[in-house]
Amino acid sequence: MASTLLVGGYWLIDGLSSDGPAERDGFVLLPGGQGPAAPGTVRATDAAYTGRVTTGRDFAETLALAPASAGRMGRGYVITADSNAGMLAGHKMRVGDVILDMDGKPLDPARIAALGTELGQFDAVEVTFVRQGQMRHRLLTFD
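This report concerns the structure included in the present document.

Reading the values: rules and limits
Residues numbered from 1 in each chain as written. Predicted model: local features only at pLDDT ≥ 70, side-chain atom pairs only at ≥ 80, totals over all residues. Heavy atoms only, no water. Helix = DSSP H or I, 4+ residues; strand = E, 2+ residues; numbered from the N terminus. Buried < 20%, exposed > 50% of the residue type's maximum accessible area, 1.4 Å probe, protein only. Areas by Shrake-Rupley, 256 points an atom, 1.4 Å probe, with all protein chains shown as cover. Phe/Tyr/Trp six-rings, centres within 6.5 Å; stacked < 30°, edge-to-face > 60°. Core = buried A, V, L, I, M, F, W, Y, C linked by side-chain atoms within 4.5 Å. Contact = heavy atoms within 4.5 Å. Pairing = 2+ DSSP bridges. Salt bridge = Lys/Arg side-chain N within 4 Å of Asp/Glu carboxyl O.

Section: the overall build of the chain
Here is step 1: What the chain contains, in helices and strands, is 5 helices and 9 strands.
Here is step 2: In the chain, buried positions account for 33% of the 143 residues.
Here is step 3: Carbon and sulfur atoms make up 56% of the accessible area of the chain, which totals about 8500 Å².

See the structure below:
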């Protein structure tokens, strides 16, 4: 019994002291105190935790947005023609898409100004947007 507790305690300490997110039994412990995410749950993961910057920064810095209405779906920010078309296509986004939120949080001018720093820390972000009158959700992944 004592050896079982000792091994179990070591496994717990080892999982908590690892340099990256610890994966146990299909759950991933995310940095930043977000707690475990069940398998299939999509949450942005913090790449800064591993000390690297993702291509999310490049995506955000080439994104040109302007305030827009998405009709009955609310207000958001439209992707303008000044955005990098290649970067948009790589993430299956288009000029004219109206972004309503990223990871469930609405955009505002202050957040947009810091979007390069924010997305540069993420491996992925879920975007809710409107295209041709239809609400869509897309997971954008960054290397």
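Some points on the packing of aromatic side chains
Here is step 1: Counted according to the given criterion, the structure contains 1 aromatic pair.
Here is step 2: A centroid spacing of 6.0 Å and a plane angle of 35 degrees characterise the contact between Phe59 and Phe142, whose relative ring orientation is tilted. One end of the pair, Phe59, is in helix α2 (residues 56-61); the other, Phe142, is in the segment after β9 (134-141), with 83 residues separating them in the sequence.
Here is step 3: Relative accessible area serves as the criterion here: at 2%, Phe59 is assigned to the buried category.

A word on the nonpolar core
Here is step 1: Counting 18 residues, the largest nonpolar core has Met93, Ile99, Met102, Leu119 and Val127 as its most contacted members.
Here is step 2: At 3 residues, strand β8 (residues 124-131) tops the list of elements feeding residues into this core.
Here is step 3: Among residues more than four places away in sequence, those in contact with Val127 are Met93, Ile99, Asp101, Met102, Arg136, His137, Arg138 and Leu140.
Here is step 4: Counting 7 residues, the second largest nonpolar core, distinct from the first, contains Ala68, Val78, Val98 and Leu100.

Here we look at the pairing of β9
Here is step 1: Examined bridge by bridge, β8 and β9 share 8 bridges and lie antiparallel to one another. Looking at the pairing, Val127 lines up with Arg138 of β9.

Some thoughts on the pattern of salt bridges
Here is step 1: With the rule as written, the count across this model stands at 2 salt bridges.
Here is step 2: Between Arg131 and Asp97 there is a salt bridge, with its nearest N and O atoms 2.8 Å apart. Placement of the pair is Arg131 in strand β8 and Asp97 in the loop between α3 (85-90) and β6 (98-102), with a sequence separation of 34 residues. Assigned by exposure class, Arg131 and Asp97 land together as buried.
Here is step 3: Between Glu118 and Arg111 there is a salt bridge whose closest N-O contact spans 2.7 Å. In terms of burial, Glu118 and Arg111 fall into one category: buried.

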